[in-house]
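Spelled out, the chains give:
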Amino acid sequence: MTATQKTSYFSDNAEGRPDGKPEYHAALSRCVQRLRDVLPVAGLRNPKIGRNDNSWAWCDGPDWVMGFLSGELWLAYQLTGDTTFSAAAQARRGGFRQMLDDRKARDHDLGFVFSLSSVAEWQLTGNETARAMGIEAARALVARFHDDGQYIQAWNPVGPHDREQAKFANGRMIADTIQNLALLHWAHRETGVTDFREVADLHEATSLRHLVRDDDTTFHTFIFDPATGEPLRGETHQGYADASCWARGQAWLIHGFANNYRVTGNPTSLDAAIRLATKFEDLLGDSAVPVWDFALPADGSHPVDSSAAAVTAAGVLMLAQLLPAQDAARWTAFGYRLLDGLLETCDITAVADAQGFLAHGAGHVPAGREDAMLPYGDYYFMEALMRAQGHTAFFW
């Protein structure tokens, strides 16, 4: 897609298309209408997490989740050509500028934030300010790279006197970061600056080496000696245990490796995405929606995570778009299975007064955040529905 190209390819005749199901088209239409309905309530606010009544609790200042509503708005604009959506997305630019201007607000999730806001705006409108902001965010992400260890550090120490937080954050990479490499690949394409591509490639290789276990399950985080870069150990932060497999972490890596293959053509990325997706499918078993961690004990609660299903559905449907037909069929079928599970058990786009798309998201179960709408679950649900309809133009 060129920088100034605008698209409107929302077909009212999706029922006759071979690359999707009528119910996916209907669900996507409901998502677009839900966005239209929520805009007067949202104003310039961005969703953080759902409340019990399916209304949103809003972000209070810069937040890693603040880009997802913008991403949905740009997708809706791309689908419909309706400037209501593009205007609402552009009006949020001040909040993203605030994040760029505050080093304490910037972390490894700059890609989530700026791919779905600034990069999307540049791609769909050709706005030069948006392009400049995207490149500035990519430079800030590169600055987090540690040559010793070859990884992008995830989180920040809170302040100079918080030694416990510094000990926790320094030397730590996490699975989520692979989603943010798309911003670096975009910046490389835009500028030709090799640092962007090199850092993305090196962090991806480190992710494969240290986050992916021999059995194709994954660690959420991995710790390096901050001074020497020596690899130390894998741990979890949002999963059940260090040795368990947090479902959304596996999902982030599936989508991330698949997208890196799309951008670079590196067969190692494709192999990693297929291995992790195969393992996810195996661990899912007969369930419609994955539990939040695949290694939970038989006794106790087993919250599901609709966001892990949505991210994985988008990732495997992307895989299907990148593979020959004989290989694509399997991943199309798995993506449809995940979408069907979401539509049957989590879809609230037809629920009156709900403000999001999906229920039953596990935000951070160890911290007590479970069974809620999640803005990232909503965004990837919309992306997956579009991929199921044959769409291929996204902001990664």
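The coordinates are above.
Residues numbered from 1 in each chain as written. Predicted model: local features only at pLDDT ≥ 70, side-chain atom pairs only at ≥ 80, totals over all residues. Heavy atoms only, no water.

Chemist: Would you mind going over the pairing of strand E7 (residues 231-235) in detail, with residue names and values included?
Modeler: When strand E6 (residues 221-224) meets E7, the two strands line up antiparallel, connected through 4 bridges. When the sheet's bridge partners are listed, Phe222 is paired in E7 with Gly234. Hairpin connection between E6 and E7: a loop of 6 residues separates the two successive antiparallel strands, and Gly229 in this loop has a positive phi of roughly 80°. (Pairing = 2+ DSSP bridges. Helix = DSSP H or I, 4+ residues; strand = E, 2+ residues; numbered from the N terminus.)

Chemist: I'd like a rundown of the sheet that holds E7, residues and numbers included.
Modeler: Overall, antiparallel pairing links the 3 strands, which are arranged E5-E6-E7 in an open sheet. Single-partner strands in this sheet number two, and they are strand E5 (172-174) and E7. Between one strand and the next, the sheet's axes are offset by a mean angle of 25°, whatever the strand orientation. (Axes fitted to C-alpha atoms, helices over the stretch in contact; angles between N-to-C directions.)

Chemist: Can you lay out the packing of helix H6 (residues 128-142) against helix H9 (residues 194-210) for me, pointing to particular residues and giving the numbers?
Modeler: For the pair H6 and H9, interaxial distance at closest approach is 10 Å and the crossing angle is 50°. In terms of orientation, H6 and H9 fall into the oblique class. Along this stretch, H6 crosses H9, giving a crossing that reads as left-handed. For the pair H6 and H9, the contacting residues are Ile135, Ala138, Arg139 and Val142 in the first and Asp195, Phe196 and Val199 in the second. (Parallel < 35°, antiparallel > 145°, perpendicular 65-115°, else oblique. Left-handed = near helix turned anticlockwise from the far one by under 90°. Contact = heavy atoms within 4.5 Å.)

Chemist: Help me get a handle on helix H11 (residues 267-284), residues and values and all.
Modeler: Taking 1.5 Å per residue, 18 residues should reach 26 Å; H11 reaches 26 Å between its end C-alpha atoms and fits that length. Listed as buried for H11 are Ser269, Leu270, Ala272, Ala273, Leu276, Ala277, Lys279, Phe280 and Leu284. On the buried face of H11, the contacting elements are H9, helix H10 (247-264), helix H12 (306-322) and helix H13 (325-345). Near the N-terminus of H11, the side chain that reaches the backbone nitrogen of Thr268, with its oxygen 2.9 Å away, is that of Asn266. Looking one or two places after H11, you find Gly285, whose phi comes out positive at around 60°. (Expected span 1.5 Å × (residues − 1). Buried < 20%, exposed > 50% of the residue type's maximum accessible area, 1.4 Å probe, protein only. Polar contact = N/O pair within 3.5 Å; in protein donor to acceptor, adjacent residues only side chain to side chain.)

Chemist: Can you explain the side chain of Glu383? Please cite residues and give values.
Modeler: By secondary structure assignment, the location of Glu383 is in helix H14 (residues 375-388). Looking at Glu383, the relative accessible area reads 0%, which means it is buried. Of the polar contacts made by the side chain of Glu383, one reaches the side chain of Trp396; its length is 2.8 Å.

Chemist: Go over the packing of aromatic side chains, please, and point to the residues and values.
Modeler: Counted under the stated rule, the structure contains 22 aromatic pairs. Arranged with centres 6.5 Å apart and planes meeting at 50°, the rings of Phe68 and Tyr380 form a pair that is tilted. Of this pair, Phe68 sits in helix H2 (residues 67-80) while Tyr380 sits in helix H14, and the two are 312 residues apart along the sequence. According to the relative accessible area criterion, Phe68 is buried, its value standing at 0%. A residue is classified by how much of its surface remains accessible, and Tyr380, at 0% relative accessible area, is buried. Here the aromatic residues Trp64, Phe68, Phe112, Trp252, Tyr376, Tyr379, Tyr380 and Trp396 are joined through ring pairs into a cluster of three or more. Across from the ring centre of Trp122, 5.7 Å away, lies the NZ or CZ of Arg131, which sits over that ring. For Arg213, the ring lying beneath its charged end belongs to Phe219, and the centroid distance is 4.0 Å. (Phe/Tyr/Trp six-rings, centres within 6.5 Å; stacked < 30°, edge-to-face > 60°. Lys NZ or Arg CZ within 6 Å of the ring centre and 35° of its normal.)

By themselves, these figures tell us nothing about what the structure is for.
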